[in-house]
Amino acid sequence: MTAMDSLLAFTVAATLLTLTPGLDTALILRTATVESGKKAFQAALGINAGCFIWGAMVAFGLGTLIAVSELAFNILKWCGALYLCWLGMQMMWHPKKDLGGEITSSTKNQNWFIKGMLGNVLNPKMGVFYVSFLPQFIPQGHSPVLWTFSLVSIHVLLGTFWSLSLIYATRPLSHILRRENVVKWMNRVTGGVFLLFAFNLALSSRR
């Protein structure tokens, strides 16, 4: 496989991966709807940062530890499951009631970049996926480190375009989506989705 063939094949595979509904999509849609497009983009940047962190770990061999060590995988798995569970319960038990007027100091101080990044970094499945997926698209004789970061950059670029598409898709319906009852419903549904992902992650294994 030539370098160009590898890039094209990876781009197609990464596009399909990006478009597959998952935790990242749920987080972006919820944040764009309930908070704002700006905060949703912050979450997207955090997710991208998480991809680069996993890419660095894969490039320098640390990601292999997650793939082969049961203990390392389980520690990261339970940290990730607890974090997602905490996020989900926050959304379900304390749904935001008003977007236009009363905004508490805790809401103002929420850092969606950190939330997006942690949601990605604390998911060991992401590390196992990168370890098993990225090397397949590195041409023989080329620098694994350089190619790993190049492939991750393509994945991040695709993810950014997808996140922006989701954010802008909510704009025409913003006057409806930001109503109090809709906001509560969105928070609770997204919180339930996060709890399901937490449950699925807690039951996951390396294989």
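Residues numbered from 1 in each chain as written. Predicted model: local features only at pLDDT ≥ 70, side-chain atom pairs only at ≥ 80, totals over all residues. Heavy atoms only, no water.

Enquirer: Give me the lowdown on the UniProt feature "transmembrane region" (unreviewed entry) in the protein chain, citing residues and values where you can.
Expert: Per the UniProt record, the feature "transmembrane region" (unreviewed entry) sits at residues 46-68, 75-93, 145-165 and 185-203. As annotated, residues 75-93 has a helix share of 100% and a strand share of 0%, and its two end C-alpha atoms lie 27 Å apart. A helix fraction of 100% and a strand fraction of 0% characterise residues 145-165, whose end C-alpha atoms lie 30 Å from each other. (UniProt positions renumbered as here; feature names shortened; annotations may be inferred. Helix = DSSP H or I, 4+ residues; strand = E, 2+ residues; numbered from the N terminus.)

Enquirer: Please give an account of the layout of surface pockets that cites residues and values.
Expert: Its boundaries defined by the atoms lining it, the largest pocket holds a volume of some 740 Å³. Lining the largest pocket are 31 residues; nearest its centre among them are L17, L23, D24, N123 and M126. The greatest single-element share of the lining of the largest pocket, amounting to six residues, is contributed by helix α9 (residues 144-169). (1 Å grid on protein atoms, 1.4 Å probe; cavity = no way out; pocket = protein on both sides within 12 Å on 5 of 7 lines; lining within 4 Å. Points joined across faces, edges and corners; volume = space filled by probe spheres on them.)

Enquirer: How would you summarise the packing of helix α2 (residues 23-34) against helix α3 (residues 37-59) if you had to cite specific residues and measurements?
Expert: Running from N to C, α2 and α3 point in directions that differ by 160°, and their axes come no closer than 7 Å. When the axes of α2 and α3 are compared, the pair comes out roughly antiparallel. Note on packing geometry: the crossing formed by α2 with α3 is right-handed. For the pair formed by α2 and α3, the contact residues are D24, L27, I28, T31 and A32 on the first element and G37, K39, A40, A43, A44 and I47 on the second. Per-class residue counts for the contact of α2 with α3 are seven nonpolar, two polar and two charged. (Axes fitted to C-alpha atoms, helices over the stretch in contact; angles between N-to-C directions. Parallel < 35°, antiparallel > 145°, perpendicular 65-115°, else oblique. Left-handed = near helix turned anticlockwise from the far one by under 90°. Contact = heavy atoms within 4.5 Å. Nonpolar A, V, L, I, M, F, W, Y, C, P; charged D, E, K, R; others polar.)

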